[in-house]
Amino acid sequence: MDSVATENLDDQRFYLRQNVPAVIGHRGAARYAPENTLASVRKAHELGVQWVEVDVKLSADRIPFLLHDTKLDRTTDGRGRASRRTMEELSVMDAGSWFAAASRGERLPTLVALIALLDRLDMGLNLEIKPTPGSDRETTDAIVDVLRRHWPEHRPWPLLSSFSLAALARARDIAIDMPRGLLIDEFMRDWPGALDELQCASLHINHKVVTPDLLSTATEEGIPVLLYTVNDGSRAVELLQAGASSIITDAPDVIFDAIGGTAPLR
C-alpha cells in the first residue's frame, strides 16, 4: 500500500476502535423478530442497540434488499432463488409468518428503506455484502451506488463486510472511503495479508474458531475484531475481556445484562 492508502486505513481503524459498540444486533434482533426486517431493526433499537448487522443482496432488477439466504424458502412464503425475482415481486412476500403469527405481513425491505429507518432511529450499520454466486461485483456496485445516493451526509459511512474476497476487492476499488471488514468462518492463517491486500479496517470472525493468539495479535496491531454470533452472556464477557471489539448477537439484552447492565436509555 502507498502512504495515502495506509493513512486512510489507519484512520478507519481508529474510527472503528472509538465508535463500534460492544454489542451489535445480528440481522436486527433476530431472537425476537424476523431477521433482516425493519421490525427486527426496530426491536434492536428498543433493546438499546446502537448498531445492527444485516445482509444485503440484489433482486433480479438490481435493487439491493435485505435477505440472508440465496433462496426465499426459509424466511418468506416465496420459493426459489431470490435473485430471480424483481423487487416488485419480493416486496409483497410475507417475511414474518415463519417467525411468528404476530409477524405476519412483515416485508423484505430495500436498502433504501433501511437507511431511512436507521437515520430516524440514529443507528449505525454493519452491512454485509451477500452476493448470490457470480454476482460479487454487480452486488457491490449496486450497494455502493445506493449508499452514495441515499446515505445521510451527516452520518459516518456504514461498515461494509463480506465473506466474498471479490466483493471486498471491488469495494476497495470504488469505495475506498467506506470502511471494510473481512468476514471469515474458518481460521485463516494469513488473515493479516488478506486484510492488507483488501485494505480492510476490521476482522469479523465466527467466535467458535477465534483463538486467543489471534485476538492478542489483532489488538496489538490496532485491528478491531467483531465476533459472531454470540448469544451466551458468559462467552461474550470472555471474548470482550480477551480483546474483542464487538459482539454480534441475536439477543442483545442477554449480552447487555452480562457485561454490566442495559444500554443507556435514549
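Residues numbered from 1 in each chain as written. Predicted model: local features only at pLDDT ≥ 70, side-chain atom pairs only at ≥ 80, totals over all residues. Heavy atoms only, no water.

Before going further, it helps to spend a moment on the side chain of Gln-12. The residue Gln-12 is located in helix α1 (residues 3-19) in this model. Apart from the residues lying within four places of it in its own chain, the contact partners of Gln-12 are Ile-176, Asp-177, Met-178, Pro-179, Arg-180 and Ala-201. (Helix = DSSP H or I, 4+ residues; strand = E, 2+ residues; numbered from the N terminus. Contact = heavy atoms within 4.5 Å.)

Below, the discussion takes up unusual backbone geometry. The backbone of Asn-36 shows a phi angle near 55°, a positive value even though the residue is not glycine. Turning to its location among the elements, Asn-36 is positioned in the loop between β1 (23-26) and α2 (38-46). Although it is not a glycine, Gln-199 sits at a positive phi angle of roughly 55°. By secondary structure assignment, the location of Gln-199 is in the loop between α7 (191-198) and β7 (202-206). In this structure Gln-199 comes out as buried when scored by relative accessible area, which is 14%. (Buried < 20%, exposed > 50% of the residue type's maximum accessible area, 1.4 Å probe, protein only.)

Moving on, we come to a negative patch on the surface. A surface patch of like charges, here negative, comprises Asp-190, Asp-196, Glu-220 and Glu-221. Looking at the element boundaries, Asp-196 is found in helix α7. (Patch = residues over 30% accessible without salt bridge, like charges linked within 9 Å, V, L, I, M, F, W, Y side chains within 5 Å. Areas by Shrake-Rupley, 256 points an atom, 1.4 Å probe, with all protein chains shown as cover. Salt bridge = Lys/Arg side-chain N within 4 Å of Asp/Glu carboxyl O. Lys, Arg positive; Asp, Glu negative; His and termini not counted. Charge placed at Lys NZ, Arg CZ, Asp CG, Glu CD.)

Bringing the layout of surface pockets into the picture now. The computed volume of the largest pocket comes to approximately 180 Å³. Along the wall of the largest pocket there are 14 residues; nearest its centre are Tyr-15, Trp-51, Met-123, Gly-124 and Arg-155. Those elements that place two or more of their residues in the lining of the largest pocket are α1 and β4 (124-129). By residue class, the composition of the lining of the largest pocket is 8 nonpolar, 3 polar and 3 charged. (1 Å grid on protein atoms, 1.4 Å probe; cavity = no way out; pocket = protein on both sides within 12 Å on 5 of 7 lines; lining within 4 Å. Points joined across faces, edges and corners; volume = space filled by probe spheres on them. Nonpolar A, V, L, I, M, F, W, Y, C, P; charged D, E, K, R; others polar.)

Turning our eyes to something else, we now look at the nonpolar core. In this structure, Val-52, Leu-114, Leu-182 and Leu-203 are the most contacted members of the largest nonpolar core, which totals 56 residues. Among the elements that take part in this core, helix α4 (residues 111-121) stands out by supplying 6 residues, more than any other. Ignoring anything within four residues of it in the chain, the contact list for Leu-182 reads Ser-162, Leu-165, Leu-168, Met-188, Ala-194, Leu-195, Leu-198, Cys-200, Ser-202, Leu-203 and His-204. If you look at the next biggest cluster of nonpolar residues, it comprises 11 residues, including Ile-24, Leu-183, Ala-201 and Ile-248. (Core = buried A, V, L, I, M, F, W, Y, C linked by side-chain atoms within 4.5 Å.)

Moving on, we get to the pattern of salt bridges. All told, the structure shown has 16 salt bridges when counted by the stated rule. Residues Arg-27 and Glu-35 are paired through a salt bridge, measuring 3.2 Å at the closest nitrogen-oxygen approach. Residue classification places Arg-27 among the buried residues on the basis of a relative accessible area of 13%. The class for Glu-35 is buried, based on a relative accessible area of 11%. In this structure, Asp-119 engages Arg-155 in a salt bridge whose closest nitrogen and oxygen atoms are separated by 4.0 Å. Taken as a pair, Asp-119 in helix α4 and Arg-155 in the loop between α5 (136-150) and β5 (159-162) lie far apart in primary sequence, 36 residues in all. Look at Asp-119 and you get partly exposed, because its relative accessible area is 29%. Residue classification places Arg-155 among the buried residues on the basis of a relative accessible area of 15%.

This brings us to the confidence of the model for the protein. Detailed reading of the predicted model is not advised wherever pLDDT is low. In this model, the protein carries an average pLDDT of 96, and 97% of its residues clear a pLDDT of 70 or more. Averaged pLDDT values over the elements of the protein bottom out at 90 in α1 and peak at 99 in strand β3 (residues 64-66). (pLDDT = per-residue confidence, 0-100.)

Of the positions making up helix α6 (residues 165-174), those classed as buried are Ala-167, Leu-168, Ala-169, Arg-170, Ala-171 and Arg-172. Considering only its buried residues, α6 is in contact with β4, α5, β5, β6 (180-184) and α7.

Neither face of β5 is open: one carries Leu-159 and Ser-161, the other Leu-160 and Ser-162, and all of them are buried. By the bridge criterion, 3 bridges tie β4 to β5 in an arrangement that is parallel. Of the residues in β5, the one forming a bridge with Leu-127 is Leu-160. Tracing the backbone out of β4, into α5 and back to the parallel element β5 gives a crossover that is right-handed. As judged from the 3 bridges shared by β5 and β6, these two strands associate in the parallel manner. (Pairing = 2+ DSSP bridges. Right-handed = clockwise from strand over helix to strand, strands pointing away.)

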